[in-house]
Structure formats: structure tokens, C-alpha cells
Amino acid sequence: MSVGKSQIKKITTHQLREMKGRSEKIAMLTAYDYSMAKILDGAGIDVLLVGDSASNVMAGHETTLPITLDQMIYHAASVVKGVDRALVVVDIPFGSYQGNSEEALRSAIRIMKEAGAHAVKVEGGEEIKESIERILIAGVPVMGHLGLTPQSIFKFGTYTVRAKEEAEAAKLLHDAKVIEECGCFALVLEKIPAELAKQVAESISIPVIGIGAGPDVDGQVLVMQDMLGITQEFKPRFLRSYADLNSTITDAVERYIQDVKSVDFPNESEKY
Ligand code: KIV
């Protein structure tokens, strides 16, 4: 098992499956703009997810439901421009694939054509099988997403851990199999018991990427603003903070304001 920055030059869906085969963990983060995508890609991230969490962290909405396909394409196109190595996966937003496989295909094709993305992600199992299959037939790689699926938050009514009861756990195991059998290249599991996530990762051949799903899966994903300490109000148990950018940025901006007000900035060497 290798640790640290992978030597792979360009990450493909095939590479991810090989990483699972040799027990090399997959590191995935979200990104929504060119500048951050360039930094994360340069640091060696394997997969960048243009998540519909952009609805929360970029647009300030309470849920992921309001973001549109056009807005997702805008974010995705910016991310793709900043990336040399990572695989760029883009969420198909709420209302653009669930009820109608023809619309699902149209949405996936727009994301691939207009943003230059490498793959798409959808939330759900058996109930969206037809949409997943239609997208896959067109040659677009699909990542699944089960467990806590934020596009269904009004059905769940709460952001608590999913699949703790036997019936929901059994459905999740079934849906994971459906996703594998359809031909999806990977699966995200969000906020489910670690033991169940382990069982899923062991029972399917495609990589399983967890968020709040414990360590026994094939990789991890976090929302970039959360792990860098930009968002302050969101502190679930599964989140590890790797920086306190909120304080760093606040401090820098306060010093800038002070320098402008006191006419310390710009100084002699900073003018023409
Ligand atoms: O939209 C998103 O950021 C996601 C991750 C939480 C997996 O779907």
C-alpha cells in the first residue's frame, strides 16, 4: 500500500479501479472554481468532485436543491481548466435526471460537452437505474451516491446517520449491487455506519468513497471549504479540519483594512 502523493500521471476511472485492487486509498475533495482546483490538483488530489454542495458553500442556499444545471456547468468548466491530473466528476443537480432517463442523458451530455468533465455523479439506486443505464450507454462514466443523499433531504427530514435500521441497510446493500451491475465506476457512501460501509466495500468490485462512512472503504471525500476551516457552522463528527482559513483570511483582511485606513498601503515601493 502506498502512502502520500500517487505517481500516476493522469487519473482515469480505470486507474481508480486499479487503486482499489492494490488497496491504495483514493483521496477526493470538492472544488468549484479554477484557482482552488489548480491548487488541489497540484497537491496531488486523485478526484475532484464539482459537488452540488456548491449550492451551499458557493451560493449560500440551505440545501443542494436550488442549484441549476447551467450553474453546475459554469462551476465544472472552471474546475476543468485548473486540472492537469485529477479526474473531474460533476454532480447532476436535483431535477435534471430523476424522473426521466431522456432528460438524465441530456443533462449528462451537456456536462460532458460544455464543461469538459470526465464523469458525472447521481444520487440513488434502483429507482434511478434506467437513468444511470441510459447515461452509461452513451459512454459517460457514472459515479453513484447512496446513504445520506442531500437531494432527498426533504424526504428524510433530517441529516442524521442513514441505514441504521436493518431494512434500510438491506436496501442500501441491494442498491450498491445495482450500481455496480449497471456499470458505474465508483460509489460514494455518505453518513452511514462504518460496519455497513465496510460490508459494501467488500461486496462490490468498484471503488467505494466514504464521507462519514468510516475507514474501511476505498477512499475518502470531504467538502473543501469544510476541511480547510472556511465554513464555521458545520462541524459533524466525521469532519477533520486541516486548516483554519477562516481565521487566516479574517486576519489578513483586517490587516489590509488597517493599512488602507492608515495610508500605510501603498508605500513608496508599491507605487509607479
Ligand atoms: O455535493 C457534494 O459535495 C457531495 C459530497 C458530499 C460527496 O456530494
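Throughout what follows, the structure given in this document is the object of discussion. Position numbers for residues start from 1 in each chain and track the written sequence from start to end. In keeping with the predicted nature of the model, local features appear solely for residues at pLDDT of at least 70, side-chain atom pairs appear and are counted solely at 80 or more, and the whole-chain, interface and lining totals rest on all residues. The side-chain quantities take in all heavy atoms of the structure and omit both hydrogens and water.

**A word on the layout of surface pockets**
Piece 1. Cavity: a set of points on a 1 Å grid over the protein atoms alone where a 1.4 Å probe fits but cannot get out. Pocket: an open set with protein on both sides within 12 Å along at least five of seven lines, its lining residues, like those of a cavity, having an atom within 4 Å of a point. Grid points are joined across faces, edges and corners, and a volume is the space filled by probe spheres set on the points. A volume near 670 Å³ is recorded for the second largest pocket.
Piece 2. Lining the second largest pocket we find 30 residues, and of these S53, N56, V223, D226 and F234 sit closest to its centre.
Piece 3. Within the residue set of the lining of the second largest pocket, elements represented by two or more residues are α3 (54–57), β6 (186–190) and β8 (219–222).
Piece 4. When residue character is reported, Ala, Val, Leu, Ile, Met, Phe, Trp, Tyr, Cys and Pro are called nonpolar, Asp, Glu, Lys and Arg charged, and the others, Gly included, polar. Taken together, the residues of the lining of the second largest pocket break down into 13 nonpolar, 8 polar and 9 charged. A run of DSSP states H or I qualifies as a helix once it reaches four residues; a run of E qualifies as a strand once it reaches two. Both are numbered from the N-terminal end.

**Section: the environment of V208**
Piece 1. Inspection of the secondary structure assignment puts V208 in strand β7 (residues 208–211).
Piece 2. Judged by its relative accessible area of 0%, V208 falls in the buried class. Relative accessible area decides the class of each residue, using a 1.4 Å probe on protein chains only: under 20% of the type maximum gives buried, over 50% gives exposed, and in between gives partly exposed.

**Re helix α9 (residues 194–203)**
Piece 1. Those residues of α9 that fall on the buried side of the exposure criterion are L196, A197, V200 and A201. The buried residues of α9 all sit within an arc of 135° when viewed along its axis, so they share a single face. Exposed and oriented more than 90 degrees from the buried face of α9 are E195 and E202.
Piece 2. By the convention used here, residues are in contact when the closest approach between their heavy atoms is within 4.5 Å. Where α9 is buried, its residues touch α1 (13–21), α8 (166–182), β6 and β7. The arc refers to the directions leading from the helix axis to the C-beta atoms.

**With respect to the pairing of strand β1 (residues 26–30)**
Piece 1. In terms of burial, β1 is largely enclosed, as 4 of its 5 residues are buried.
Piece 2. Where β1 lies against β8, 4 bridges are found, and the strand directions are parallel. Bridge pairing in β8 links I26 to G219.
Piece 3. Pairing between two strands is assigned when DSSP locates at least 2 bridges connecting them. The pairing of β1 with strand β2 (residues 47–50) spans 3 bridges and is classified as parallel. Residue pairing across strands places T30 opposite L49, the latter belonging to β2.
Piece 4. Crossover handedness is defined by viewing with both strands directed away from the observer: a clockwise path from the first strand over the helix to the second marks the crossover as right-handed. In this view, the connection linking β1 to its parallel neighbour β2 by way of helix α2 (residues 34–43) has right-handed handedness.

**Topic: the sheet that holds strand β3 (residues 87–91)**
Piece 1. Read around the closed barrel, 8 strands run β1-β2-β3-β4-β5-β6-β7-β8, paired in parallel fashion. Neighbouring strand axes in the sheet, compared pairwise and without regard to direction, differ in orientation by 25° on average. Lines fitted to C-alpha atoms define the axes here, with helix axes fitted over just the stretch in contact, and angles between the N-to-C directions of these axes take values from 0 to 180 degrees.

**Some details on the site of the ligand**
Piece 1. It suffices for a single heavy atom of a residue to lie within 4 Å of a molecule or strand for the residue to be listed as near it. Around the ligand, the neighbouring residues are T30, L49, G51, D52, S53, D91, K121, H145, V188, E190, I211 and V223.
Piece 2. Between the ligand and D52 there is a distance of 3.0 Å, counted from an oxygen atom to a side-chain nitrogen or oxygen.
Piece 3. In the environment of the ligand, an oxygen atom lies 3.1 Å from a nitrogen or oxygen atom belonging to the side chain of D91.
Piece 4. In these tables, accessible area is a Shrake-Rupley quantity obtained with a 1.4 Å probe, and a residue counts as shielded only by the protein chains included in the view. Out of a free accessible area of 260 Å², the ligand has 95% covered by protein chains.
Piece 5. In this scheme, a molecule is assigned to a cavity or pocket if more than half of its atoms are within 2 Å of the grid points. A majority-of-atoms criterion places the ligand in the second largest pocket.
Piece 6. Residues of the shell around the ligand, tallied by class, amount to 4 nonpolar, 4 polar and 4 charged. Polar contact criterion, stated in full: a pair of N or O atoms within 3.5 Å, where within protein one must be able to donate a hydrogen and the other to accept it, and residues adjacent in sequence count only if both atoms are side-chain atoms.

**Observations concerning the pairing of strand β5 (residues 142–147)**
Piece 1. For β5, a buried count of 6 out of 6 residues is recorded, marking the element as mostly surrounded by other parts of the structure.
Piece 2. Crossover connection from strand β4 (residues 119–121) via helix α6 (residues 129–137) to parallel β5: handedness right-handed.
Piece 3. In the sheet, β5 pairs with β6 via 5 bridges, with the strands oriented parallel. Along β6, the bridge assignment pairs G147 with E190.

**Remarks on α8**
Piece 1. Every helix has an expected span of 1.5 Å times one less than the residues it contains. The end-to-end C-alpha distance of α8 is 24 Å, a good match for the 24 Å that 17 residues give at a rise of 1.5 Å each.
Piece 2. When α8 is considered as a whole, its buried residues turn out to be A169, L172, D175, A176, V178, I179, E180 and C182.

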